[in-house]
Amino acid sequence: MERTQLPNSTIILIFGILSIIGCCCYGVLGVIFGIIALVMAKRATEIYNANPELYTGFENVKTGRILAIIGLVLSGLNLIASVVMFFVYGGIEGYQQAMEEILRSME
């Protein structure tokens, strides 16, 4: 019996990686990619568990799922921190000034 690649296993891995990278964009992109990767991983796991002898690539699904969870946690923390800082500094102008001060202090 010939084994085939599990559907979307590589994409799940890529989205898991993008969810970690996306946490640097105020957390929004990381949350989006993380949720998509988790939904796709759940579907792929159900397909694999139905007939594990038919498919390869389940390692990519497991790794992508773990990366998506890590990316979701990091993105969620970054998103919460960004929202809190936005309200603490009094809107977009105060937030931008605070970010400029932080960047100046790093130089």
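On a predicted model such as this, the values are computed, not experimentally measured, just so you know. (Residues numbered from 1 in each chain as written. Predicted model: local features only at pLDDT ≥ 70, side-chain atom pairs only at ≥ 80, totals over all residues. Heavy atoms only, no water.)

Engineer: Got a sec to walk through the nonpolar core? Specific residues and values, please.
Structural biologist: Of all hydrophobic cores here, the largest spans nine residues; its members are Leu6, Ile12, Met40, Ala41, Ala44, Tyr48, Tyr55, Phe58 and Val61. Elements with a minimum of two residues in this core: helix 2 (28-50) and helix 3 (58-88). For this core, the element with the highest residue contribution is helix 2, accounting for four residues. Setting aside residues up to four positions removed in sequence, Met40 forms contacts with Asn8, Ile11, Ile12 and Phe15. (Core = buried A, V, L, I, M, F, W, Y, C linked by side-chain atoms within 4.5 Å. Buried < 20%, exposed > 50% of the residue type's maximum accessible area, 1.4 Å probe, protein only. Helix = DSSP H or I, 4+ residues; strand = E, 2+ residues; numbered from the N terminus. Contact = heavy atoms within 4.5 Å.)

Engineer: Could you give an account of the environment of Ile17, naming the residues involved and the relevant values?
Structural biologist: Relative to the helices and strands, Ile17 is located in helix 1 (residues 9-21). Under the relative-accessibility criterion, Ile17 is labelled partly exposed at 39%. C-alpha of Ile17 to C-alpha of Glu2: the two residues are 15 residues apart in sequence and 30 Å apart in space.

Engineer: Please set out the side chain of Ser82 residue by residue, giving values where relevant.
Structural biologist: Structurally, the position occupied by Ser82 is in helix 3. The contact partners of Ser82, leaving out residues within four places of it in the chain, are Tyr26 and Tyr95.

Engineer: Residue-level account of helix 2, with values.
Structural biologist: Between its first and last C-alpha, helix 2 extends 34 Å over 23 residues, near the 33 Å set by a 1.5 Å rise per residue. When helix 2 is considered as a whole, its buried residues turn out to be Gly30, Gly34, Ala37, Met40, Ala41, Ala44 and Tyr48. (Expected span 1.5 Å × (residues − 1).)

Engineer: Please provide a residue-by-residue account of the packing of helix 1 against helix 3, values included.
Structural biologist: Interhelical geometry of helix 1 versus helix 3 gives an angle of 20° and a closest axis separation of 7 Å. Classed by the angle they form, the pair helix 1 and helix 3 counts as roughly parallel. Here helix 1 runs over helix 3; the crossing is left-handed. Listed contacts from helix 3 to Ser9, Thr10, Ile12, Leu13, Gly16, Ile17, Ser19 and Ile20 of helix 1 are Asn60, Val61, Thr63, Gly64, Arg65, Leu67, Ala68, Ile70, Gly71 and Ser75. A class-by-class count of the residues in the contact of helix 1 with helix 3 yields eight nonpolar, nine polar and one charged. (Axes fitted to C-alpha atoms, helices over the stretch in contact; angles between N-to-C directions. Parallel < 35°, antiparallel > 145°, perpendicular 65-115°, else oblique. Left-handed = near helix turned anticlockwise from the far one by under 90°. Nonpolar A, V, L, I, M, F, W, Y, C, P; charged D, E, K, R; others polar.)

Engineer: Any chance you could break down the pattern of salt bridges for me, citing the residues and the numbers?
Structural biologist: Counting across every chain of the model gives one salt bridge. Notably, a salt bridge pairs Glu100 with Arg104, separated by 3.6 Å at the nearest N-O pair. Placement of both Glu100 and Arg104 in helix 4 (residues 92-106) is noted, with a separation of four residues, approximately one turn of the helix. (Salt bridge = Lys/Arg side-chain N within 4 Å of Asp/Glu carboxyl O.)

Engineer: Residues and numbers for the packing of aromatic side chains, please.
Structural biologist: Across all of its chains, the model carries two aromatic pairs by this definition. On the basis of an interplanar angle of 50° and a centroid distance of 5.3 Å, the ring pair of Phe15 and Phe33 is categorised as tilted. Pair noted here: Phe15 is in helix 1 and Phe33 is in helix 2, with a separation of 18 residues, a long-range link. (Phe/Tyr/Trp six-rings, centres within 6.5 Å; stacked < 30°, edge-to-face > 60°.)

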